[in-house]
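Listed here are the chains, written in short residue letters.
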Amino acid sequence: RDTTAPVAATITPPDRPALAVTGSPTGAVAAQMSPGLCLDVWMASTEPGAPVKLSFCHGGANQQWTATAAGELRVYAGGGAPLCLDVDGARGNDGDGLIAHTCHGGENQKWAYTAAGELRGVNGKCLVIWGANAYDGVDVKVFVCHGGANQQWHVPTPAAPAPAPAPAPAPAPAPTDGAAKVFA
């Protein structure tokens, strides 16, 4: 069963207005403080439990994340069994690392993209570039949200739909008594 088929949903992160998400956009999750670096399943591993780090953006399958209406970020969604971005150990404590793990719908695999560019997860913690040093191979973890540049991300979002055409004006009503009406 394809659980990444386009759908419409509203995700409401804690203390943020609801954000509408339509479809299942796929692409790189890039660090705003260093757009050339992306979330990466390290060493392109397809094994559950593989670490997720920051690496140079290259467009490989291990950097193509699909945002689902369930709030998951899935990788390898194009074939086989996808993996989900997962807070290792499921606790959501400051400093907990990230892994790509079998999708199971747990709270440690739910993410909300906020208007501030944060990715909030379990216990309301944000994805953070550990140590605020963006370089190839640095750890990405969860930490209390503080609005820093090391907690801001570019996430795949759907293209805005084209506006609907304006409706045609309604025709004037026809006379009801069969006679033409003349207005002076």
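Before any of the text, the structure's been laid out above.
Residues numbered from 1 in each chain as written. Predicted model: local features only at pLDDT ≥ 70, side-chain atom pairs only at ≥ 80, totals over all residues. Heavy atoms only, no water.

A. Up close: the overall build of the protein chain. Each helix and strand in the protein chain was counted, giving zero helices and 15 strands. Scored against the burial criterion, the 184 residues of the protein chain give a buried share of 40%. For the protein chain, the share of sequence-separated contacts (at least 6 apart) that also reach a separation of at least 24 residues comes to 52%. Element-wise, carbon and sulfur atoms account for 58% of the exposed surface of the protein chain, whose accessible area totals about 9,600 Å². (Helix = DSSP H or I, 4+ residues; strand = E, 2+ residues; numbered from the N terminus. Buried < 20%, exposed > 50% of the residue type's maximum accessible area, 1.4 Å probe, protein only. Contact = heavy atoms within 4.5 Å. Areas by Shrake-Rupley, 256 points an atom, 1.4 Å probe, with all protein chains shown as cover.)

B. The arrangement of the sheet that holds strand 7 (residues 65–67) in detail. On the basis of which strands lie adjacent, the open sheet formed by nine strands has the order 3-7-8-9-10-6-5-4-15 and antiparallel pairing. Every interior strand has two partners, whereas the edge strands, strand 3 (26–27) and strand 15 (153–154), have only one. Where strand 4 (residues 30–31) meets strand 15, two bridges bridge the pair, whose relative direction is antiparallel. Within the sheet, the bridge partner assigned to Ala 30 lies in strand 15 and is His 154. (Pairing = 2+ DSSP bridges.)

C. Seen up close, the state of the cysteines. Tallied over the entire structure, the rule returns three disulfides. At a sulfur-sulfur separation of 1.9 Å, the disulfide partner of Cys 38 is Cys 57. Sign of the S-S torsion, about 95° for the bond between Cys 38 and Cys 57, identifies this disulfide as right-handed. Here Cys 38 is found in strand 5 (residues 34–41), whereas its partner Cys 57 is found in the loop between strand 6 (50–56) and strand 7, with 19 residues between them in sequence. One disulfide bridge connects Cys 84 with Cys 103, the sulfur atoms lying 2.1 Å from each other. Judged by the sign of its S-S torsion, about 105°, the cystine formed by Cys 84 and Cys 103 is right-handed. Here Cys 84 is found in strand 9 (residues 83–87), whereas its partner Cys 103 is found in the loop between strand 10 (98–102) and strand 11 (112–113), with 19 residues between them in sequence. The exposure class of Cys 84 is buried, given its relative accessible area of 0%. (Disulfide = S-S within 2.5 Å.)

D. Structural detail: unusual backbone geometry. The phi angle at Ala 44 is positive, at roughly 55°, despite the residue not being glycine. Among the structural elements, Ala 44 can be located in the loop between strand 5 and strand 6. Judged by relative accessible area, Ala 44 falls into the partly exposed class, the value being 44%.

E. Structural view of the pattern of salt bridges. In total, this model carries five salt bridges according to the counting rule given. The closest approach of N and O atoms between Lys 53 and Asp 139, which form a salt bridge, is 2.9 Å. Within this pair, whereas Lys 53 is found in strand 6, its partner Asp 139 is found in the loop between strand 13 (126–129) and strand 14 (140–143), the two being separated by 86 residues in sequence. Judged by relative accessible area, which is 17%, Lys 53 ranks as buried. Close ionic contact of Glu 118 with Arg 120 constitutes a salt bridge, the shortest N to O distance being 3.1 Å. As far as the burial class goes, Glu 118 and Arg 120 line up, both buried. (Salt bridge = Lys/Arg side-chain N within 4 Å of Asp/Glu carboxyl O.)

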